[in-house]
Structure formats: C-alpha cells, structure tokens
There are 2 protein chains.
Amino acid sequence: MEIKRPYLLFLGDAADPLAAKVAQGIKDWRPENAMAQFRLEGCKADLGLEDMTIEEAVKAGCKTMVIGVANRGGVISDAWIRVLIDALENGLDLAAGLHNKLADIPELVAIADRLGRQLFDVRHPTEIYPVASGKNRTGKRLLPVGTDCSCGKMYTALALEKEMRARGMKADFRATGQTGILITGSGVSIDAVAADFISGSVETISPDNDSDHWDLIEGQGSLYHASFAGVTAGLIHGAQADALILCHEPTRTHMRGLPEYPIPSMQAVMDLALHMAQLTNKEAKFVGICVNTSNLSDEDAEKFMRETEEKFGLPCVDPVRNGVGRIVDVLQ
Amino acid sequence: MEIKRPYLLFLGDAADPLAAKVAQGIKDWRPENAMAQFRLEGCKADLGLEDMTIEEAVKAGCKTMVIGVANRGGVISDAWIRVLIDALENGLDLAAGLHNKLADIPELVAIADRLGRQLFDVRHPTEIYPVASGKNRTGKRLLPVGTDCSCGKMYTALALEKEMRARGMKADFRATGQTGILITGSGVSIDAVAADFISGSVETISPDNDSDHWDLIEGQGSLYHASFAGVTAGLIHGAQADALILCHEPTRTHMRGLPEYPIPSMQAVMDLALHMAQLTNKEAKFVGICVNTSNLSDEDAEKFMRETEEKFGLPCVDPVRNGVGRIVDVLQ
C-alpha cells in the first residue's frame, strides 16, 4: 500500500477540531504531505492550511484526497460522495481510514475503474502477506509497547523519528494502524490482517536495511489487553526489535474498553514484552519509558517521571512535555 | 458456521490413505456424522464405510457432501467439479477446508444460489465476530497448549471429549481449525480471523454453559512460534481456560517451518501460557501433559513419560498409547 503524495486533506463538515485529528496528525508529522485543506460548509476544523478547490489542488500538485475526518454516525453522506466523485474526475486518488469502505460505494468504484484512479481503504488490507520467517533482518528496529491501548505508542514512534532525522540519523516510522498509514502513505493495518499473518506483515513493512538505519515501528494494543493481545504478540515477534520503549498513561484506572481489567504494572509489561521480544531478537532490551502525562499537573508529572526513572534506571520522558531527545541519546 | 449432518464423505481420487486424513478424522471422532463415502476411480483411500452414489446418500439422509481429501497441487479438477455439481443438484450442501474456495468457482456459486444450497469454506470465516469482552463465562473450559504447532492438540481435545462423554460428563469439543470444524460441523478457523477478533471469536464459539459442562477447546500454534504466536496468545485469552494441558512431541529438533528456532522447554511454555491464561481466568492451572510419542520406541516413550510426570508432578500420557483417562480423573 503506497499512497501518492502530497495530499489534499478533506475535512468535510467536521463537528470540532478533534473530529479532524487524522488530518491534524498528517499536518503535524508530515507537513510536506499536507499541501492544502478542503472544507464543506459548517466545518469546525481548520488546520491553518490553504483552502483549495479540487481544481486548484490538482494544479498545485496534489495526488490524493485523504479523508482526514471521522464520518458522523459512520455514514458517508451524499455531500461527501459528490466531493469524492469530483476529486476522482479531476485526477486525484482517494484514501480513507473509515470503518466503511470507499470500495463499497459502487459509484466511486465505477469511476475509479473507468479513470484508472486508486481507492485506498487503509483499515482494510488488500495485500497478501507471507507467514513470518523469523529470520534476522539487517538494520536496527525499535518498538514501543504499552501497558494499554491508546497510551501514546504512535506518538512516541513518530517523535523518535523526528528527533533522529533532526540529528541526521537514518530513521523511518513504520505504520501499523490506519492513522499512521495515512500520515506516511504506507504501512499495514495489522489489526485487520488474518491472524496467521500478523508477524509476517510486520516483517514485510520493516525489511532489511542499512546497519545504522532505525525502523521506528508503531506499537499496537497491549500484551495484557484481553481483547487485543494477539495483535501485540504477533507484532512483537515480527518487529524483531533491538530497542523497546514502554508507554504508559498513569491516570487510567482500567484497560481501555474493559472496565473489569486493571492496568498491569509497568514491570509486568516490561518483563513479558522482553521475554517475547527475545524469541526473535536475543539482543532486545528496554531503552526508555514514555509517559503520557496530559492528565497530570506539571508537579505530579515531574514527580511521576522522576520516580519511574529511578525505579527502572531508564530515561523516562513525556514526549509532548520533554521531547524524546534523552532516549535518542541512548540509541546514538 | 453450522454444517448440516450427516455427511457423504468425498474421497475423490486420493493418492493414498493419508490424503484422506480429514475424512478419516470425521469417521474416527464423529462416526455418526460419517454416513457413507464417495470415491472416484483410482481412489487409494477407503474408510470402510458404505460406498454410495449421491442419489443413494440423499435417500439415506445425508445433508452435506464434505470434501475429506486434499486436492493434488491445489487444483480442483473438472472431475471433482462434476461430482460437486451433481451433489448440489441432488439436494446436498458442500463443505471443504481447501486452500482454494468453493465460493470462487462461479459454476458452484450459481447453482447453489439457484437451489438454495450452502457452500462452506471452513478455512475462510465469513462470520463477523465481536471484539473480546474478557467477561467471565459460566461452565468449565480446557485448552491444550503446545511447545510447537502440530504436536497433538486437536487429538488431545477430541480424546478428552470422548473419554468425558463415555463417563457421562457434559463435554463439547470446540473446533478452532478446519479439520476440527469439518469433524464436528461447527467452529471457527481462527488463524484466518482478522487479528482484532481472535479472542472474540473464541469467546463466541465457547459461550456460557452449565456449571458442570466442559468445553474442550482445540489449541493452535505455540506462544514460542515466531510465525503464529499471535494466534495462540489471542486463543489463550479468549478461551478463559480453567484447565490447561501441555502438548509436546519429544523428537522434534526445531519449530515447525522454522529451522533456526529450537523447541522451547516444556517448563518455559507452561510458565508463559499460565501467565497469559491467568489474565482472563485467575483459576487457570495445568492439569496434565500429553506427549506424542509416535516416533519413540515403547521403552523410550515410557521412560520419557515417567520422567516428565515426576518432574512436573502432573499426569503425563500419550493419548494414543495410553488414552486420557488419567487426566479426566483429575478433572472429575
């Protein structure tokens, strides 16, 4: 899956800025991909990009219209479809990470087929992946693992990529979820891959590379999440990470979506993740801890990170508050 | 997925008895499902069942023709297709666990649609499964876990079901792979389920039950298999097993399909599986060890099992040589 760039970011009739968080992520992490925005009447989001018509965007060099906004109630409205058709007819591909597929809208499929455009439903992999070989690959790899879902793993990997590139290191973020794929234009939505091929898909998106090159592989789920641990286990084996980072959100009271399941201790997650990671890379080790302290006061955040750093003997940062420079220091 | 029974077992032009091992499994474990066999010229397999024409099988009460034989080179031959069409036209559904899908043969689909027959490709789930809830379910559950793939997990679960039923206990084998599904007529091919729904599919096929009822859930893969551990991890969480059984093949020198990966120790597999199982069922424990000693002499087999039993303090049997009665004793 390789989405052509740069993008015209479709913000639709976003109810608020949060509804356009995928588009915001693209703009934050790949500003070179985010050429312009397209908004419908009543749109409450604004990325601060130039508003372009489809014709203007094509002239400016846009290749793909990316739906960077959640659709209300899961319905792709007629107003949206009219815009999407217009984009196809003017020469753009379409890409989306919606639960509904673009490929399930016959009108879009017919026009795309006729004009030779591509429809990317990044949540629904169409590739065939191999069974993982478990063979060692050249190059370096880093994988964030979490105490829970949605605790900052994608942000951590993207922040590391940015910091490493700023230092002139060779580094590529490797997306394993739909937002990450839309940000970078490639990757695999591993939670939608058939179970036998989880590890194989990760091997595929993180191939052999230069010995001083780092793949920053997007983490998913948690080994202690009763719904999604299979995804995480397969990801850990396929990643063959040299470096692991623990991601944690300290105010959460239970696993996301599972009120009966408490958050595991950081130590338990590190022990289990390291044990599993060492099956496919004996050199795997933890190199840092990233904490999402957005729900803590400055004082509490600092205290939590100081204590965590002392307890584990690893650099502990909030990537948003502190950046990830101290972790990259270790990797350099 | 619920395949109508009993079956007419299609043995095709099996090159040898091993090619018909799926049909043999159905006959061994569910003789009441195996009403008759259908063979083409040159078939080298014989289950010892009555050979029936399709018309005879329909009259005798057969509901489904099951393809119980591997297709040579992955090709579904014209000779096969003629028989399958004949079966549909005479009132039978079709079921297969082939890599190729019956549903990809337009002729069969057209006839099935016209006549209201069903095509079951058990290797390719069509159901939508929920994300696992992790909620405790009533009833008892047992799951075999292996040091490797293909070391006797299905056989163990089926042998336990047979022994428990013979003792008047309430017990159901729950299939998680294509052979198991064809044997019992229902289940889920979890290795083909989208990664997010591995645990959820297992919760679905093993629902709430009587407090003295045992689900014997078919195991898959190994937590130490670099290709398939994601499947196993999700299966362990979804199973919520009260009782675990370790399955092992003592002469294997490396993980199946992975020459670079040694077989883990039995202790390591038990430690990791128990740790993961206890996330969704705190009462989980190992109750026995099943060894596939088919490659050992009587003497070596006995010695290995005696030493293993002493080392782990659990009943250790080869289900084929010894039966699983000593393990059922523990469960009773």
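How each quantity is defined
- One numbering rule holds for all chains: residues counted from 1, following each sequence as written.
- Labels follow written order: the first chain is A, the first ligand is 1, and so on.
- For this predicted model, a pLDDT threshold of at least 70 governs which residues receive local features, and a threshold of 80 or more governs which side-chain atom pairs are given and counted, while totals over whole chains, interfaces and linings are taken from all residues.
- Water and hydrogen atoms play no part in the side-chain values, which are based on all heavy atoms of the structure.
- Helix and strand definitions here come from DSSP, where helices need a minimum of 4 consecutive H or I residues and strands a minimum of 2 consecutive E residues; each element is numbered from the N-terminal end.
- Every radius of gyration here is taken over C-alpha atoms, with the globule rule written as 2.2 Å times N^0.38, N being the number of residues.
- Under the scheme applied here, a residue whose accessible area is under 20% of the maximum for its type counts as buried, over 50% as exposed, and between as partly exposed, the area being computed with a 1.4 Å probe on protein chains only.
- Should any heavy atoms of two residues lie within 4.5 Å, those residues are counted as being in contact.
- Per-residue and other accessible areas follow the Shrake-Rupley method at a 1.4 Å probe size, with only the shown protein chains counted as cover for residues.
- We count Lys and Arg on the positive side and Asp and Glu on the negative side, and we leave His and both chain ends out.
- By convention, the charge on Lys lies at NZ, on Arg at CZ, on Asp at CG and on Glu at CD.
- Put simply, a salt bridge is a Lys or Arg side-chain nitrogen that is within 4 Å of an Asp or Glu carboxyl oxygen.
- In this description, buried area is defined as the sum, over both parts, of the accessible area (probe of 1.4 Å) that is lost when the two are combined.
- Within 3.5 Å is the distance limit for a polar contact, defined as a pair of N or O atoms, with the added protein rule that one can donate a hydrogen and the other accept it, and that residues adjacent in sequence qualify only through two side-chain atoms.
- Taking the helix axis as origin, the arc is that swept by the directions to the C-beta atoms.
- The pairing criterion for strands is at least two bridges between them, as found by DSSP.
- Handedness rule for crossovers: strands pointing away from the viewer, path from the first strand over the helix to the second running clockwise, crossover right-handed.
- UniProt positions are given in the numbering used here, feature names are shortened, and annotations may be inferred rather than shown by experiment.
- Only the stretch in contact is used when a helix axis is fitted, and all axes are lines through C-alpha atoms; the angle between N-to-C directions ranges over 0 to 180 degrees.
- A least-squares superposition brings the copies together, and it is based on the C-alpha atoms of residues with pLDDT no lower than 70 in both.

Chain A appears in an unreviewed UniProt entry as EBNA-1 nuclear protein from Terasakiella brassicae.

Student: Got a sec to walk through the overall build of chain A? Specific residues and values, please.
Tutor: Looking only at helices and strands, chain A has 12 helices and 11 strands in total. Computed over its C-alpha atoms, the radius of gyration of chain A comes to 20 Å, within 12% of the 20 Å expected for a compact globule of 332 residues. Dimensions along the principal axes, computed over C-alpha positions, put chain A at roughly 55 × 45 × 45 Å. The 332 residues of chain A split such that 57% are buried. Within chain A, contacts between residues separated by at least 24 positions form 75% of all contacts whose residues are at least 6 apart in sequence. As displayed, chain A has an accessible area near 13500 Å², and 49% of this comes from carbon and sulfur atoms. Put simply, chain A has 34 plus and 46 minus side-chain charges, and the middle of one group is 2 Å from the middle of the other.

Student: Tell me what's going on with the pattern of salt bridges, and back it up with residues and numbers.
Tutor: All names here are of chain A. Applying the stated criterion across every chain yields a total of 40 salt bridges over all chains. Notably, a salt bridge pairs R39 with D46, separated by 3.9 Å at the nearest N-O pair. The class for D46 is partly exposed, based on a relative accessible area of 47%. Measuring nitrogen to oxygen at the nearest pair gives 2.8 Å for the salt bridge that ties R165 to D172. Looking at R165, the relative accessible area reads 37%, which means it is partly exposed. According to the relative accessible area criterion, D172 is partly exposed, its value standing at 23%. Counted as one network, the salt bridges with shared partners bring together R30, R141, E161, R165, D172, R174 and D215.

Student: Outline the interface of chain A and chain B, supporting the account with residue identities and numerical values.
Tutor: Contacts between chain A and chain B engage 34 residues on the former and 34 residues on the latter. Contact between chain A and chain B buries roughly 2700 Å² in total, counting both sides, with carbon and sulfur atoms accounting for 59%. Across the chain A-chain B interface, the total number found is 0 salt bridges. Our enumeration of links across chain A and chain B arrives at 12 residue pairs in polar contact (both at pLDDT 80 or more).

Student: Describe helix α4 (residues 106-115) of chain B, listing the residues and the values that go with them.
Tutor: Residues and elements named next belong to chain B. Turning to α4, its buried residues are L108, I111 and A112. Seen along its axis, α4 keeps its buried residues to an arc of 100 degrees; they face one direction. Exposed and oriented more than 90 degrees from the buried face of α4 are P106, D113 and R114. Buried residues belonging to α4 abut α3 (78-89), β4 (93-96) and β5 (119-121). The first or second residue beyond α4 is G116, which carries a positive phi of 75 degrees.

Student: Mind laying out the pairing of β4(B), listing which residues take part and the relevant values?
Tutor: Across a regular strand the side chains alternate sides, sitting on one face of the sheet and then on the other. Residues and elements named next belong to chain B. Going residue by residue along β4, you find D93 and A95 tucked away on one face and L94 and A96 tucked away on the opposite face as well. With 4 bridges connecting them, strand β3 (residues 64-67) and β4 associate as parallel partners. Counterpart to T64 in the pairing with β4 is D93. What joins β3 to β4 is α3, and the crossover it makes is right-handed. Running through α4, the crossover from β4 to the neighbouring parallel element β5 is right-handed.

Student: Account for the UniProt feature "domain: D-glutamate N-acetyltransferase-like C-terminal" (unreviewed entry) in chain A, naming residues and giving values.
Tutor: When the UniProt feature table is mapped onto this chain numbering, "domain: D-glutamate N-acetyltransferase-like C-terminal" (unreviewed entry) sits at residues 131-328 of chain A. Taken end to end, residues 131-328 of chain A is 39% helix and 16% strand, and its two terminal C-alpha atoms sit 32 Å from one another.

Student: I'd love a proper account of the sheet that holds strand β8 (residues 213-217) of chain B, names of residues and values included.
Tutor: Residue and element names in this part refer to chain B. In space, the 6 strands of this open sheet follow the order β7-β8-β6-β9-β10-β11, with parallel pairing throughout. The open sheet has two free edges, formed respectively by β7 (170-174) and β11 (316-317), since each of these has just one partner strand. Relative to β8, β7 runs parallel, the two sharing 5 bridges. Paired with A171 across the two strands is W214, which belongs to β8. Together, β6 (140-146) and β8 form the strand contacts of helix α8 (residues 229-239), whose direction differs from that of β6 by roughly 165 degrees. The strands that helix α9 (residues 266-280) touches are β6, β9 (243-248) and β10 (285-291); relative to β9, the one it contacts most, it runs at about 150 degrees.

Student: Tell me about the environment of B:G12, and please be specific about residues and values.
Tutor: Looking at the element boundaries, B:G12 is found in strand β1 (residues 7-12). Between the alpha carbons of B:G12 and B:G68 there is a distance of 8.4 Å; along the sequence they are 56 residues apart.

Student: Break down the relation of the copies chain A and chain B for me, with residues and values.
Tutor: Turning chain A through 180 degrees and shifting it by 0.0 Å along the axis lays it on chain B, with an RMSD of 0.1 Å. What the rotation and shift describe, once combined, is the action of a two-fold rotation axis. Comparing interface residues between copies, 100% of those in chain A also lie at the interface in chain B; the contact surface is shared.

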